[in-house]
Amino acid sequence: MADPSSYRPKPGQIPDSPGVYKFRDEHRRVIYVGKAKNLRQRVANYFQDLANLHPRTRTMVTTAASVEWTVVSTEVEALQLEYSWIKEFDPRFNVKYRDDKSYPYLAVTLNEEFPRVQVMRGAKKKGVRYFGPYGHAWAIRETVDLMLRVFPVRTCSAGVFKNATRTGRPCLLGYIGKCSAPCVGRVTPEEHHELAEDFCDFMAGRTGTYIRRLEKDMMQAAEEMEYERAARLRDDVEALKRAMEKSAVVLADATDADLIAVAEDELEAAVQIFHVRGGRVRGQRGWVTDKVEAVDTAGLVEHALQQLYGEETGDSVPKEVLVPALPEDAEAVAQWLAARRGSQVSLRIPQRGDKKDLMATVQRNALQALGLHKTKRASDLTTRSRALEEISEALGLDTAPLRIECYDISHLQGDDVVASMVVFEDGLARKSEYRRFQIKGFEGQDDVRSMHEVIGRRFRRYLQDKERTGEWEETPAPTGPAPTGPAPAVTATTGPAPTGVAPAGTLPTALAPEGAAPGGPAPTGPVPAPTGLLAADGDSGSEPREDDGRPKRFAYPPQLVVVDGGQPQVAAAKRALDELGIDDIAVCGLAKRLEEVWLPDDDDPVVMPRSSEGLYLLQRIRDEAHRFAITYQRAKRAKRIRSSPLDDVAGLGESRKQALIKHFGSVRKLRQATIEEICEVPGIGRRTAESVAAALASTAPAAPAVNTATGEIIEEDDGGTS
């Protein structure tokens, strides 16, 4: 690892003008290219204290061995030179967009004597007019087939064209009227070229002129009683209209625009582009990229613009480009786009109306593309196997962890503290094994203590299942005098950790039921489960199931426990396992900010490569645990907020609660009512009225809410909702 100070330029050596800089490694390979309005300020930022740099930037500067720069006169030139260098050197630390497929285009070879309409992929060629990209090649062929009735342009290959010219016979399309047959001289090169130009004009969105002209010719033919010709023109009009229907109108003002949306997470980003021409979506494409450099949404947008328009000129660059965030040098980027187009280009964020709605649609496509990419990556068996092997090697495990459990704590400022447990087997989520917990051992916010409690409760249930089924390995009772006096009970956070395994006929300290002395005789009945434990369906799980042949909830131990957090959470989880005498389950933590893997008793984290499939799997597991925990926490908080004193009244259903509130107007007024007045409500008998009055009397009324702007007291007007 290189020391950045060893190649840091001398003070004043770097100019303060616009330019482009590149970092090289010890082998002189370019590893990063960037641009700046002020080279001195930008490059100096890379040589500050390493602790203050983003992890990706820190990796880059410690990999580099030298830095070079080139001064340019304007920011637009800097943007163009940066793009050229990225294309030339392909630096490893620059964002690289990769197409998730090779998108097909509808191409018209206007550079040939007899232009041809065809499907083309790959790099664009000079003199060829492109439309698209399209999602599928068959969509292009369907559109072309409809339009050939009106614009019978050549579609055959060069070999077929030469053979038809040699034999003097056209192909089948020439006989059925879908080709003007220039190969046999039915039209001149000039007439055929004009047909190709008309085809391009229609595809570019200038559709109204041709349809109106055909409709006029159709009416004229009908008036002249040329009904067969009128019928053909009618069919031509219908064919063009069907071709137009394949791209729906999304912007009523016939706008030419490209809309770009970005969906991203910590490691990857997906970009989706909709090409709108004449108010219709004429093409769509998308990319996925690894975020190998420290870059925000605005930076991703700038990289996308460079890749999208770096090789384009003229009308291929639209008049308007709509983005979710403006690049840092938005004015320079707009000038660069204008130079590529040859006229003004508007680069902006849509704020309202149809364009904002369409941008939301593009954003949803980007989110789906990112999700699909992750799903494909996660579902591949080879990839999953490699990920498990990488985790095993990084953590020093004997075998690949085929069952991984991950735990996360969720709360809102210390209230409604809950935890989640998600299970991945063979690299795939096993949602039937998911569990959730309520933290009841203490009040307040303490993630470390919560993690200790959850791990203890989960594996206490595991040991209870082993004890009940006779799988608990017994060891001879220790020799020597037994200790006198009651042993200290193990709590969720403190207490001595027992070593070894409990003697035959006794329970380990951590398994001793409440009120029983640790090490005493095992109870003959079923061992009570810890309270507050919830299954995914909300079942408290307080009573273990009988042996019915079905898998038990906590009967299977994982090979690896992952906790969402750093060193403190890992230490708490390991301490909980030690207190239960479990030493054959590995523990690690994944710290979200830097994506570092922490192991117990290690002062330094394990840093897995950013492109590692193992790290990607750990992140997926951690993110799933976070999603499951926060979903439960929000539901629990919403239920508490909607609670009412009337909820405690036995036999009072939702309908009668609503009837009471409707009759009296609020819980406050209901609390002031007599039993006789409550009985006046339809469906409320005296016994129910007495229960309602008793329940409201036992709950103290909440302090009145005050409108701080007016000083008025806001009365309760619902069923206790706050």
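Definitions and limits used
- Residues numbered from 1 in each chain as written.
- Predicted model: local features only at pLDDT ≥ 70, side-chain atom pairs only at ≥ 80, totals over all residues.
- Heavy atoms only, no water.
- Helix = DSSP H or I, 4+ residues; strand = E, 2+ residues; numbered from the N terminus.
- Buried < 20%, exposed > 50% of the residue type's maximum accessible area, 1.4 Å probe, protein only.
- Contact = heavy atoms within 4.5 Å.
- Areas by Shrake-Rupley, 256 points an atom, 1.4 Å probe, with all protein chains shown as cover.
- Pairing = 2+ DSSP bridges.
- Axes fitted to C-alpha atoms, helices over the stretch in contact; angles between N-to-C directions.
- Expected span 1.5 Å × (residues − 1).
- Phe/Tyr/Trp six-rings, centres within 6.5 Å; stacked < 30°, edge-to-face > 60°.
- Salt bridge = Lys/Arg side-chain N within 4 Å of Asp/Glu carboxyl O.
- Parallel < 35°, antiparallel > 145°, perpendicular 65-115°, else oblique.
- Nonpolar A, V, L, I, M, F, W, Y, C, P; charged D, E, K, R; others polar.
- Patch = residues over 30% accessible without salt bridge, like charges linked within 9 Å, V, L, I, M, F, W, Y side chains within 5 Å.
- Lys, Arg positive; Asp, Glu negative; His and termini not counted.
- Charge placed at Lys NZ, Arg CZ, Asp CG, Glu CD.
- Polar contact = N/O pair within 3.5 Å; in protein donor to acceptor, adjacent residues only side chain to side chain.

So, the overall build of the protein: which residues are in play, and what are the values?
Looking only at helices and strands, the protein features 20 helices and 22 strands. Evaluated residue by residue, the protein yields a buried proportion of 47% over its 722 residues. The long-range share in the protein, meaning contacts at least 24 apart out of those at least 6 apart in sequence, stands at 64%. Accessible surface computed for the protein: about 36,900 Å², of which carbon and sulfur atoms make up 50%.

Can you tell me about the sheet that holds strand 6 (residues 117-120), naming the residues and giving the values?
Judged by pairing direction, the sheet is antiparallel, and its three strands sit side by side in the order 6-5-7 without closing on themselves. Every other strand in the sheet has two partners, leaving strand 6 and strand 7 (129-131) as the edge strands with one partner each. Across the sheet, the mean angle separating the axes of adjacent strands is 30° when strand polarity is ignored. Two strands pair when backbone bridges link them, and strand 5 (residues 105-108) and strand 6 are joined in this way by four bridges, in the antiparallel orientation. Directly across from Leu106, in strand 6, lies its bridge partner Val119. Across the sheet, helix 7 (residues 189-203) is in contact with strand 5, strand 6 and strand 7; its angle to strand 5 comes to roughly 150°.

Tell me about helix 3 (residues 75-89), and please be specific about residues and values.
Over its 15 residues, helix 3 runs 21 Å from end to end, which matches the ideal 21 Å to within 8%, given 1.5 Å per residue. Turning to helix 3, its buried residues number three or more, namely Val76, Ala78, Leu79, Leu81, Glu82, Tyr83, Trp85 and Ile86. On its buried face, helix 3 is in contact with strand 1 (19-25), strand 2 (30-36), strand 3 (64-71), helix 10 (297-309) and helix 11 (330-341). Where helix 3 terminates, the next one or two residues include Asp90, which has phi positive at roughly 50°.

Please provide a residue-by-residue account of the packing of aromatic side chains, values included.
Enumeration according to the criterion identifies 13 aromatic pairs in this entry. For the pair Phe459 and Tyr462, a centre-to-centre distance of 6.4 Å together with 90° between the ring planes defines the contact as edge-to-face. In this pair, Phe459 and Tyr462 both sit in helix 14 (residues 447-469), three residues apart, roughly one turn of the helix. Accessibility assignment for this pair places Phe459 and Tyr462 in one class, buried.

How would you explain unusual backbone geometry if you had to name every residue and give the values?
One non-glycine residue with positive phi stands out, namely Ala181, at about 55°. Checked against the element boundaries, Ala181 lands in the loop between helix 6 (172-175) and helix 7. Of the residues examined, Ala181 reaches a relative accessible area of 1% and is grouped as buried. Of note, the phi angle at Asp601 is positive, near 65°, even though the residue is not glycine.

Hey, could you go over the pattern of salt bridges for me, with residue numbers and the actual values?
Enumeration according to the criterion identifies 26 salt bridges in this entry. A salt bridge links Arg430 to Glu425, with the nearest nitrogen and oxygen atoms 3.6 Å apart. Through salt bridges with shared partners, a single network forms among Arg403, Glu405, Glu425, Arg430, Glu433 and Arg458.

Explain the sheet that holds strand 1 to me, and be specific about the residues and the numbers.
One open sheet accounts for three strands, arranged 2-1-3; its pairing is antiparallel. Both outer strands of the open sheet, strand 2 and strand 3, are each paired with one neighbouring strand and no more. Sheet twist, expressed as the average angle between the axes of neighbouring strands with direction ignored, equals 20°. One ladder, built from seven bridges, connects strand 1 with strand 3; its direction is antiparallel. Bridge pairing links Lys22 to Glu68 in strand 3. Each of strand 1, strand 2 and strand 3 is contacted by helix 2 (residues 55-63), which is oriented at about 95° to strand 3, the strand it contacts most.

I'd like a description of the packing of helix 3 against helix 11, backed by residues and values.
Helix 11 packs onto helix 3 with a crossing angle of 70° between their chain directions and a minimal axis gap of 8 Å. Taken together, the axes of helix 3 and helix 11 are roughly perpendicular relative to one another. Residue-level inspection shows Glu75, Val76, Leu79 and Gln80 of helix 3 in contact with helix 11, the latter providing Ala332, Val333, Gln335, Trp336 and Arg340. Here the contact of helix 3 with helix 11 is composed, by residue class, of five nonpolar, two polar and two charged.

A description of a negative patch on the surface should follow, citing residues and the corresponding values.
Together, Glu113, Glu190, Glu191, Glu194 and Glu197 make up a region of like negative charge exposed at the surface. Secondary-structure assignment places Glu113 in the loop between strand 5 and strand 6.

Give me the lowdown on the environment of Asp49, citing residues and values where you can.
By the secondary structure assignment, Asp49 is in the loop between helix 1 (39-45) and helix 2. Note on Asp49: relative accessible area 48%, which makes it partly exposed. For the pair Asp49 and Pro4, spaced 45 residues apart in the sequence, the C-alpha separation amounts to 9.7 Å.

Account for the side chain of Asp329, with residues named and values stated.
Within the secondary structure layout, Asp329 lies in the loop between strand 11 (320-322) and helix 11. On the basis of relative accessibility, which here comes to 10%, the residue Asp329 falls in the buried class. In contact with Asp329, not counting residues within four places along its chain, are Lys35, Lys37 and Glu75.

Describe the environment of Arg435, and please don't skip the residues or the numbers.
Within the secondary structure layout, Arg435 lies in strand 16 (residues 435-438). Placed 190 residues apart in sequence, Arg435 and Ala625 show a C-alpha to C-alpha distance of 9.9 Å. Looking at Arg435, its side chain comes within polar contact range of the main-chain oxygen of Ser432, at 3.2 Å.

Residues and numbers for the packing of helix 10 against helix 11, please.
At a closest axis distance of 12 Å, the pairing of helix 10 and helix 11 adopts a crossing angle of 10°. For the element pair helix 10 / helix 11, the angle class is roughly parallel. Taken together, the residues of helix 11 that come into contact with helix 10 (itself represented by Glu302, Leu305, Gln306 and Tyr309) are Val333, Trp336, Leu337 and Arg340. Of the residues belonging to the contact of helix 10 with helix 11, the class tally is five nonpolar, one polar and two charged.

Outline a nonpolar patch on the surface, supporting the account with residue identities and numerical values.
Among the surface-exposed residues, Leu172, Tyr175 and Ile176 lie close enough to one another that they form a single nonpolar patch of about 370 Å² accessible area. In this structure, Ile176 sits in the loop between helix 6 and helix 7.

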